[in-house]
Amino acid sequence: MRVNEKYSTLPAEDRSVHIINICAIEDIGYLPSEGTLLNSLSVDPDAECKHGLYLRDGRRKVDYILVYHPKRPSGSRTLARRVQHSDAAPAARGTRQDQPLPGKGDVGAAGGPEPPMDYHEDDKRFRREEYEGNLLEAGLELERDEETKIHGVGFVKIHAPWNVLCREAEFLKLKMPTKKLYHINETRGLLKKINSVLQKITDPIQPKVAGHRPQTTKRLSYPFSREKQHLFDLSDKDSFFDSKTRSTIVYEILKRTTCTKAKYSMGQGKGRKKDSALLSKRRKCSKYGITSLLANGVYSAAYPLHDGDYEGENVEFNDRKLLYQEWASYGVFYKYQPIDLVRKYFGEKIGLYFAWLGVYTQMLIPASVVGIIVFLYGCATVDENIPSMEMCDQRHNITMCPLCDKTCSYWKMSSACATARASHLFDNPATVFFSVFMALWAATFMEHWKRKQMRLNYRWDLTGFEEEEEAVKDHPRAEYEARVLEKSLRKESKSKEKRRHIPEESTNKWKQRVKTAMAGVKLTDKVKLTWRDRFPAYVTNLVSIVFMIAVTFAIVLGVIIYRISTAAALAMNSSPSVRSNIRVTVTATAVIINLVVIILLDEVYGCIARWLTKIEVPKTEKSFEERLIFKAFLLKFVNSYTPIFYVAFFKGRFVGRPGDYVYIFRSFRMEECAPGGCLMELCIQLSIIMLGKQLIQNNLFEIGIPKMKKFIRYLRLRRQSPPDHDEYGKKRQRYEADYTLEPFAGLTPEYMEMIIQFGFVTLFVASFPLAPLFALLNNIIEIRLDAKKFVTELRRPVAVRAKDIGIWYNILRGVGKLAVIINAFVISFTSDFIPRLVYLYMYSQNGTMHGFVNHTLSSFNVSDFQNGTAPNDPLDLGYEVQICRYKDYREPPWSEHKYDISKDFWAVLAARLAFVIVFQNLVMFMSDFVDWVIPDIPKDISQQIHKEKVLMVELFMREEQGRKRLLGTWMEKDRKKDEPCNSHGPQAGLDSPEYPGGAL
């Protein structure tokens, strides 16, 4: 066993850092070396390991960091030693136990009696020791640092040597660039000229990042193999695997490395389990890795390091600083994103999110332009709109029925003039065209993203990547393994109870021994959680989700009651200005209440969705994420859109009529729509909720909450650290600075807010054509805000390979399909578009819209009011009212069937339903046509993928032919060497027809 010459063994008392170096004997097999200690006297103390990015020798990179809270050892050390693995490497095990690590020996030498420590902390320490020993056996190199600037925190720095990187890259089938270069097929003719012109035009908005411009050549990629290392350019081994790949490899080792010592020996209080046979079985069925250790508090954090600082005068240039300058700065909001650099630094999954967000933001530009045109068309034609002109004309002198019982009086239709004129801005023939356009826009956006995704897969060498490969290394979650272990132990205890009552036959003793021995081998491999185990969790999920949806409906009902009661209270006000603005005041305040409730419930529902997913105990992280996304999206979708659905489809539909109104709780009369319809109120509701969520929840929360958490952590560390904290802060190592950052919590919140925004843009776009514009302005800020958060506020996440955005794509498609149906109903039932068409082509005498307002109003005789519902001040308008008008299609009071639904109502209803059917099928057909016309894979990308396969086959064929020629040359040389020896040999009898030339 050879020891690296760079290290020399030191006495324990002279040692400041504990390092174990694992040296490779061969590429395939590794033998753990003896414990070696870094000679700190030969290291330049001023280098400080390049600010914590390297180990103490200044050459080996720190690929991963484990953080823990060191505690004083208790007197129960010998007890824990009895439960150590017997099959561990003796050398490494002896080094860990017999030589105290830095910081621990000094604590014990401080003098005085050691305070007793509870078994829980003791168990954590022994588990850390065993886990780190297993990491050493896996080939990793560790270095511990407990003398840090952060009080009470210790760090384990992990380095993966070259042989381990090669081994794991082969296991993970990582595609790496080979030496082979090939030319990418370029466009020719007119397309080439157009592309060159576009490149010159877009040159000012391109980020100044190497490799961002279109490349003419590309390296052929192939899954890494130690047997085919000659195919790859290994001239610089330090940079062959970048920091993202190195951290990914180390994380895979951390996940699959198990820790079983003392895990199950720890009991509550003094009652530790002493059954060694049962303990042995429990150890063997464990599969816990770093996820379990983090969940149980053995380690407090685990993360890869950032490449360095992102700002400062003397900071070395690195990818993080480049991302900060060209991506995470608000000054470059007009530039394209350096997606390739984002992927290089954060991995494919995060790179795909920002690529999708960029494509979505770009696609909002044409939608915003068309929305502005539709809005300007409404502004230009508002003075030519005959229905609004009739409503504003005071000469018509139309008296409307009271809006509430007793306190409300009769009112003039001309008082709603401003609302009618504003409604035309969003309720005009152009909105129908815009709804069709947005449906096609959604389909085009999805197809454009699929093509962009395929281009990124080709550029990032993910074309051969399959989800099955990820499923092989997708380890079960720690919670799932714990539940499986608990279930297996219950089964084992039950089987023991049964065996106690059944007398054992003497002839079967050997058989029972074999069964007992086999029972401890991977107990959990035979056990898994079934639907029976999860049935209580499923029932809890169902009941909880139904209850949360019911809470949302109850809150909407409460806001409705608030609107009704507030309108009645304001109607009693003596100020004419207050009474004239009742509808606007009630609508605005109710929407603000809805907004506050939505923001609060969003946070609550997010926590509830995570809890409901945890109690289901999904097996893998992918399954956990998909279930969490489904629950969170369902609850937040209902929470965000329920108030809007109420205004769009329910308000004013179940009001009744004067003299026979519908009441809530027999006291609150259902509210009505304005004479111009509910579309204007729907526009106000949608705009305030959308803008409020984007401004408060998406921007202020994302800026304010991380800053506040960072400030709280700073105060906490300052309170715990020594008095010279500020001086230490200037000299903090990279791993210490990254520890103070916020942990990465996943991409679910980022996707969720964008999907909800996509719903605002598409679902009710017929009522608010400016929604794409406000979404575009928000996303321009959102991209840089998220970028700054990832670069400066968060710890560096572990890079995850992915070839698509997963379940989010299906949610987007579902929202796009739902948008077609909702917009069809908004146009036909919420707006007055269909009643206007029916009047124009069926009832208009001169082919114009004159008389439309009077056609939509029915008459009511005030003598038919129910007792106690008539206005208290019937002479409020200055004259006695005999007939008042209300918006509905009903027979007049002088008809034989007074107040019954008229034939006009059925004609309009039939037209509305026909429009829904025609609009839905037509737009669905056009969307599917767009989906069919645009291929998912660009033609040039499919050609390049085929070309790569052909080149790879040619490369291996040439390699095989070279091997054959080389083998033939060697055989020829050997034959020529043997000829002179055989010709002078004494045994000439071998030169016979059977052995020509004397060659055997």
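Residues numbered from 1 in each chain as written. Predicted model: local features only at pLDDT ≥ 70, side-chain atom pairs only at ≥ 80, totals over all residues. Heavy atoms only, no water.

As recorded in an unreviewed UniProt entry, the protein chain goes by Anoctamin and comes from Felis catus. As stated in UniProt under Sequence similarities (unreviewed entry), the record for the protein chain gives "Belongs to the anoctamin family." (UniProt positions renumbered as here; feature names shortened; annotations may be inferred.)

Undergrad: Even after reading the chapter, I still don't get the overall build of the protein chain, so can you show me in this structure?
TA: When you go through the protein chain residue by residue, the secondary structure sums to 34 helices and 17 strands. Split into buried and exposed, the 1000 residues of the protein chain put 49% on the buried side. Considering only intrachain contacts with a sequence separation of at least 6, the fraction spanning at least 24 residues in the protein chain is 81%. Working note: accessible area of the protein chain is about 50500 Å², and carbon and sulfur atoms make up 59% of it. (Helix = DSSP H or I, 4+ residues; strand = E, 2+ residues; numbered from the N terminus. Buried < 20%, exposed > 50% of the residue type's maximum accessible area, 1.4 Å probe, protein only. Contact = heavy atoms within 4.5 Å. Areas by Shrake-Rupley, 256 points an atom, 1.4 Å probe, with all protein chains shown as cover.)

Undergrad: Teacher, can you tell me more about the pattern of salt bridges here?
TA: Two side chains bearing opposite charge may form a pair once their charged atoms approach each other closely. A full pass over the atoms with the stated rule returns 43 salt bridges. Residues Glu348 and Arg343 are paired through a salt bridge, measuring 3.1 Å at the closest nitrogen-oxygen approach. A salt bridge links Asp832 to Lys887, with the nearest nitrogen and oxygen atoms 3.3 Å apart. Highlighted residues: Asp832 in the loop between α30 (807–830) and α31 (833–843) and Lys887 in strand β17 (residues 883–887), separated in sequence by 55 residues. According to the relative accessible area criterion, Asp832 is buried, its value standing at 8%. Each of Glu447, Lys450, Arg813, Asp931 and Asp936 takes part in one network of salt bridges that share partners. (Salt bridge = Lys/Arg side-chain N within 4 Å of Asp/Glu carboxyl O.)

Undergrad: Would you take a moment to explain the state of the cysteines for this structure?
TA: In total, this model carries 3 disulfides according to the counting rule given. For Cys401, the disulfide goes to Cys884, at an S-S distance of 2.0 Å. Disulfide Cys401 to Cys884: torsion about the S-S bond roughly 85 degrees, handedness right-handed. Pair noted here: Cys401 is in the loop between β10 (399–400) and β11 (411–412) and Cys884 is in strand β17, with a separation of 483 residues, a long-range link. Here Cys404 connects covalently by a disulfide to Cys408, the sulfurs 1.6 Å from one another. Residues Cys404 and Cys408 share a disulfide whose torsion about the S-S bond is about 95 degrees; that sign makes it right-handed. Of the residues examined, Cys408 reaches a relative accessible area of 9% and is grouped as buried. (Disulfide = S-S within 2.5 Å.)

Undergrad: Explanation requested: the UniProt feature "transmembrane region" (unreviewed entry) in the protein chain in the structure shown.
TA: The UniProt feature table records "transmembrane region" (unreviewed entry) at residues 353–377, 430–449, 538–564, 584–608, 628–649 and 754–777. Its end C-alpha atoms 36 Å apart, residues 353–377 is made of 100% helix and 0% strand. The span residues 628–649 carries 100% helix and 0% strand; its end-to-end C-alpha distance comes to 30 Å.

Undergrad: Just checking my understanding: could you explain unusual backbone geometry for this structure?
TA: Across residues other than glycine, the phi torsion is negative in most instances, and most of the peptide bonds are trans. The backbone of Val617 shows a phi angle near 55 degrees, a positive value even though the residue is not glycine. Locating Val617 in the fold gives a position in the loop between α23 (582–616) and α24 (621–650). Judged by relative accessible area, which is 5%, Val617 ranks as buried. A positive phi angle, close to 65 degrees, is found at Tyr899, a residue other than glycine. Note on placement: Tyr899 falls in the loop between β17 and α33 (903–933). Residue class for Tyr899 comes out buried when judged on its relative accessible area of 5%.

Undergrad: Help me understand the packing of aromatic side chains in this model?
TA: The way to describe two aromatic rings as a pair is by their centre distance and the angle between their planes. The full count for this structure, using the stated rule, is 52 aromatic pairs. The interplanar angle of 20 degrees and the centroid separation of 6.2 Å between the aromatic rings of Tyr64 and Tyr251 together place this pair among those described as stacked. Remark: Tyr251 occurs in helix α9 (residues 243–256) and Tyr64 occurs in strand β4 (residues 64–68); sequence separation between them is 187 residues. Taking the centre distance of 5.2 Å and the plane angle of 15 degrees together, the rings of Tyr751 and Trp808 count as stacked. In this pair, Tyr751 is assigned in helix α28 (residues 748–762) and Trp808 in helix α30, connecting sequence segments 57 residues apart. Taking the relative accessible area as the measure of exposure, Tyr751 reaches 4% and is therefore buried. (Phe/Tyr/Trp six-rings, centres within 6.5 Å; stacked < 30°, edge-to-face > 60°.)

Undergrad: Would you explain the environment of Met849 in this entry?
TA: Along the chain, Met849 turns up in the loop between α31 and α32 (852–856). On the basis of relative accessible area, Met849 is assigned to the buried category, the value being 14%. For the pair Met849 and Ile386, spaced 463 residues apart in sequence, the C-alpha to C-alpha distance is 6.1 Å. If sequence neighbours within four positions are ignored, Met849 has contacts with Ile386, Pro387, Glu390, Arg836, Tyr839 and Leu840.

Undergrad: Is there a simple way to explain the environment of Arg167 in this structure?
TA: Its place among the elements puts Arg167 in helix α6 (residues 162–172). A sequence separation of 57 residues divides Arg167 from Phe224, and the C-alpha atoms of the two residues are 9.1 Å apart.

Undergrad: Teacher, can you tell me more about the packing of α24 against α30 here?
TA: The angle between the axes and the distance between the axes are what describe a pair of packed helices. Running from N to C, α24 and α30 point in directions that differ by 10 degrees, and their axes come no closer than 13 Å. One finds that α24 runs roughly parallel with respect to α30. Contact with α24, carried on its side by Glu626, Ile629, Phe633, Phe637, Phe645, Ala648 and Phe649, involves Ile807, Trp808, Ile811, Val815, Leu818, Ile822, Phe825, Val826 and Thr830 of α30 and no other residues of that element. A per-class count over the contact of α24 with α30 returns 14 nonpolar, 1 polar and 1 charged. (Axes fitted to C-alpha atoms, helices over the stretch in contact; angles between N-to-C directions. Parallel < 35°, antiparallel > 145°, perpendicular 65-115°, else oblique. Nonpolar A, V, L, I, M, F, W, Y, C, P; charged D, E, K, R; others polar.)

Undergrad: What's the story with the side chain of Ser368 in this structure? I'm lost.
TA: Relative to the helices and strands, Ser368 is located in helix α14 (residues 348–380). In this structure Ser368 comes out as buried when scored by relative accessible area, which is 3%. When neighbours within four sequence positions are excluded, Ser368 is seen to be in contact with Pro772, Leu773 and Leu776.

Undergrad: When you look at the confidence of the model for the protein chain in this model, what are you seeing that I'm missing?
TA: The predicted structure's coordinates, where accompanied by low pLDDT, should not be read in detail. With 79% of its residues at a pLDDT of 70 or more, the protein chain shows a mean pLDDT of 77. Per-element averaging of pLDDT across the protein chain places strand β2 (residues 23–24) at the bottom with 34 and α14 at the top with 93. Low pLDDT, under 50, characterises residues 1–47; the stretch is placed with 87 contacts to residues that sit more than four places away or in other chains. This stretch, residues 516–524, has a pLDDT under 50; its non-local contacts, to residues over four places away or in other chains, come to 12 contacts. (pLDDT = per-residue confidence, 0-100.)

Undergrad: What exactly am I supposed to notice about the side chain of Gln757 here?
TA: Inspection of the secondary structure assignment puts Gln757 in helix α28. Residue contacts for Gln757: discarding those within four places in its chain leaves Tyr360, Leu364, Met690, Gln694, Ala775, Asn778 and Asn779.

Undergrad: Is there a simple way to explain the environment of Arg801 in this structure?
TA: Here Arg801 lies in the loop between α29 (771–793) and α30. For the pair Arg801 and Ile350, spaced 451 residues apart in the sequence, the C-alpha separation amounts to 9.2 Å. A polar contact is formed between the side chain of Arg801 and the backbone oxygen of Leu172, at a distance of 3.0 Å. (Polar contact = N/O pair within 3.5 Å; in protein donor to acceptor, adjacent residues only side chain to side chain.)

Undergrad: I'm lost on a nonpolar patch on the surface in this one. Help?
TA: On the surface, Leu190, Leu191, Ile194, Val197, Leu198 and Ile201 cluster together to form a nonpolar patch covering roughly 600 Å² of accessible area. Within the secondary structure, Leu198 sits in helix α7 (residues 190–202). (Patch = residues over 30% accessible without salt bridge, like charges linked within 9 Å, V, L, I, M, F, W, Y side chains within 5 Å.)

Undergrad: It is not clear to me how the nonpolar core should be interpreted in this structure. Could you clarify?
TA: A general feature of soluble globular proteins is that nonpolar side chains tend to end up buried together. In this structure, Phe346, Trp356, Tyr360, Trp441, Phe764 and Ile805 are the most contacted members of the largest nonpolar core, which totals 116 residues. The leading source of residues in this core is α14, at 14 residues. Once residues lying within four places of it in the same chain are set aside, the contact partners of Phe764 are Tyr641, Ile644, Phe645, Ala648, Phe649, Leu682, Leu686, Gly759, Ile822, Asn823 and Val826. The next biggest cluster of nonpolar side chains, apart from the first, holds 44 residues, and it includes Leu66, Tyr131, Ile941 and Ile945. (Core = buried A, V, L, I, M, F, W, Y, C linked by side-chain atoms within 4.5 Å.)

Undergrad: Help me out: how do you make sense of helix α17 (residues 429–459) in this one?
TA: Over its 31 residues, α17 extends 45 Å from the first C-alpha to the last, a length consistent with the 45 Å expected when each residue adds 1.5 Å. A side-chain oxygen of the first residue of α17 lies 3.0 Å from the backbone nitrogen of Ala430; this N-cap is Asn428. The first or second residue beyond α17 is Asp461, which carries a positive phi of 60 degrees. (Expected span 1.5 Å × (residues − 1).)

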